[in-house]
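Chain and residue survey
Chain residues, written in single-letter form:
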Amino acid sequence: MLLNWDDFTILTLRDIFPKQIEWDPTCQVLFRAETCSRHIYVGLKSDFEDLPEGLFEEPEILRTLGKEDFCRGIKALYSGREAYLFFVQYIAGLNSRGCSIDNYVSGQVTSAWNNYSNNNPSRKNKLQPFMDALFSDAALIKRSILNAYSSQAQPVNTAVKMARLTPSDKVLVVGGERALTTEVIKYLGHKKPHTPNEITLTHPDEGRLGTLCEGVRRLGKKSAIKARLIGIPFDRALQDLNDGTTTVFNAAAIFVCSPAQEMKINKKLIDAWWLRSKVYKDNPAKLFDLGDPAEYGAPTSAWKTLAGTEGFIPYSYIVEENNIHAATIERVVAKANEAIEHLSELRMQGDRAVTISFIAKPNEMTLDYRLARRPLGPATGENPSQFCAP
């Protein structure tokens with residue numbers, strides 16, 4: 001069925017809705033797809049005929065609030081192909097700030113649509129064909145292009161991926177500053193093929209160790225970790241134990257969140273690491289230094305002795321790998337947006353893609369589409385049409 005996309009319309013607002021504008025979107029029978037930073041109102045063109053003129057101006061109140069880019073958000077009223085492009089990019093997670101992919105917005109919008117459909121059955125029928133197309137194409141983009149690159153380009157996340165862990169691997173986190181330590185545990189603790197089922201945390205200060213463990217266990221639902229978290233005293237973490245405890249001697253990866261400075265605790269840790277590397281040569285491990293020199297100062301003395309040794313990953317190398325990952329994500333996001341442009345052209349002419357072949361090479365990324373069959377007619381062949389793009 002060829003949809004009248006010119007009738008499909010979206011109003012999108014960033015941040016807050018200005019109270020000075022006399023229009024209450026809650027009184028309209030619109031589908032509201034909202035997140036913490038954006039308000040989206042979806043309907044047909046006739047639903048937006050009575051918008052106040054002030055909504056598309058730049059009133060003094062916005063300038064006095066100092067929101068320089070707020071007006072651009074206020075002016076976003078899309079119809080037809082523009083509405084399609086905006087919404088598919090949005091629910092595919094491509095409208096997040098910076099070079100990253102939002103993995104949560106799709107679920108939020110889907111949940112909002114299900115609630116809207118249950119509460120507004122008559123209105124739902126009018127929007128359903130459009131929404132089916134939008135959700136289907138966004139899911140195709142995510143499945144075919146984005147999912148393999150959904151991890152954020154952050155040094156901690158990159159370090160976790162570099163560790164190449166399995167769920168059964170032993171992992172030790174040497175705690176330091178609370179925010180960094182918690183971030184490391186969160187990335188390790190989310191259930192993925194390359195994250196462990198159990199995390200052992202230690203800290204030179206037993207009081208801070210208890211505080212860190214309690215803080216992680218009290219994380220909100222969105223950030224809560226799935227892995228089991230165990231806290232052990234610092235001296236115990238540096239011993240070669242045979243009771244199943246995770247220590248420097250048997251961990252597959254050790255993530256150090258304390259500054260790489262001249263401290264007694266660092267000397268003890270490095271001595272234990274050197275001993276492990278001599279005693280257990282056939283059981284290699286990785287030691288990640290996550291102390292940012294820009295924040296804590298350059299590594300000194302004992303840490304410098306590790307430079308270039310097998311298994312030691314300095315912060316500078318983690319950053320290099322993270323920059324490569326960020327550049328790759330940037331290219332993938334650009335290719336996903338290109339694919340959405342192609343899908344929009346197909347939808348406007350009554351076609352749709354059922355598969356996308358995305359091939360990513362170091363110097364080239366290609367897209368190839370397989371389209372759904374059109375209804376058979378007297379001169380219609382059996383083969384589905386194809387659409388290729390470089």
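Above this text sits the structure in question.
Residue positions are counted from 1 within each chain, in the order its sequence is given. Restriction of local features to residues with pLDDT of at least 70 applies here, the model being predicted, together with a cutoff of 80 or more for giving and counting side-chain atom pairs; totals for whole chains, interfaces and linings are based on all residues. Side-chain metrics rest on all non-hydrogen atoms present in the structure, leaving aside hydrogens and water.

Strands are runs of DSSP state E lasting at least 2 residues, helices are runs of H or I lasting at least 4, and numbering of each runs from the N terminus. Summing up its helical and strand segments, the chain has twelve helices and 13 strands in all. Working definition: with a 1.4 Å probe on protein chains only, accessible area under 20% of the residue-type maximum means buried, over 50% means exposed, and in between means partly exposed. The 390 residues of the chain split such that 44% are buried. Any pair of residues with heavy atoms lying within 4.5 Å of one another is described as a contacting pair. When contacts within the chain are restricted to residue pairs at least 6 apart in sequence, long-range pairs at least 24 apart make up 73% of them. With residues, only the protein chains shown are counted as cover, and all accessible areas are computed by Shrake-Rupley using a 1.4 Å probe. Within the structure as shown, the chain displays about 20200 Å² of accessible surface, and the carbon and sulfur contribution to it stands at 49%.

One open sheet accounts for six strands, arranged S7-S6-S5-S8-S9-S10; its pairing is parallel. The sheet is open, and its two borders are formed by strand S7 (228-233) and strand S10 (312-313), each paired with just one other strand. Here, any two strands with at least 2 DSSP bridges between them count as paired. Where strand S5 (residues 171-174) and strand S6 (residues 198-203) come together, three bridges link them in parallel fashion. Across the sheet, residue Val174 finds its bridge partner in S6, namely Thr202.

With that settled, the discussion passes to the side chain of Arg123. Mapped onto the elements, Arg123 comes out in helix H5 (residues 121-146). In this structure Arg123 comes out as buried when scored by relative accessible area, which is 13%. Not counting chain neighbours up to four residues away, the residues in contact with Arg123 comprise Val29, Leu30, Gly43, Leu44, Asp47 and Tyr116.

For the rest of this paragraph, the subject is helix H6 (residues 155-162). In terms of residue burial, H6 counts as a mostly covered element, since six of its eight residues are buried. Burial in H6 covers these residues: Val156, Asn157, Thr158, Ala159, Val160 and Met162. At its buried positions, H6 is contacted by helix H7 (178-189), strand S8 (253-256), strand S9 (286-289), S10 and helix H12 (315-348). Arg164 lies just past H6 and shows a positive phi near 50°.

Our focus in this paragraph is the packing of helix H3 (residues 80-91) against H12. Think of each axis as a best-fit line through the C-alpha atoms, taken over the contacting stretch in the case of a helix, with angles from 0 to 180 degrees between the N-to-C directions. It is at 10 Å that the axes of H3 and H12 come closest, and there the two elements cross at 140°. The angle between H3 and H12 places the two elements in the oblique class. Where H3 crosses over H12, the handedness of that crossing is right-handed. Contacts between H3 and H12 involve Arg81, Tyr84, Leu85, Val88 and Gln89 from the first element and Asn337, Ile340, Glu341, Leu343, Ser344, Glu345, Arg347 and Met348 from the second. The nonpolar class holds Ala, Val, Leu, Ile, Met, Phe, Trp, Tyr, Cys and Pro. Asp, Glu, Lys and Arg form the charged class, and all remaining residues, Gly among them, are polar. Tallied by class, residues from the contact of H3 with H12 come to six nonpolar, three polar and four charged. For classification purposes, angles smaller than 35 degrees are called roughly parallel, those larger than 145 roughly antiparallel, those between 65 and 115 roughly perpendicular, and all remaining angles oblique. Here a crossing is taken to be left-handed if its near helix is turned anticlockwise relative to the far helix by less than a right angle, and right-handed if that turn runs clockwise.

Take the pattern of salt bridges next. The rule for a salt bridge is simple: a side-chain nitrogen of Lys or Arg has to be within 4 Å of a carboxyl oxygen of Asp or Glu. For the structure shown, the criterion picks out nine salt bridges. Between Lys267 and Asp271 there is a salt bridge whose closest N-O contact spans 2.9 Å. Here Asp271 and Lys267 lie together in helix H10 (residues 264-279), a separation of four residues that amounts to about one turn. Taking the relative accessible area as the measure of exposure, Asp271 reaches 38% and is therefore partly exposed. The residue Lys335 makes a salt bridge to Glu338 at a minimum N-O spacing of 3.2 Å. You can see Lys335 and its partner Glu338 sitting in helix H12, three residues apart, about one turn around the helix.

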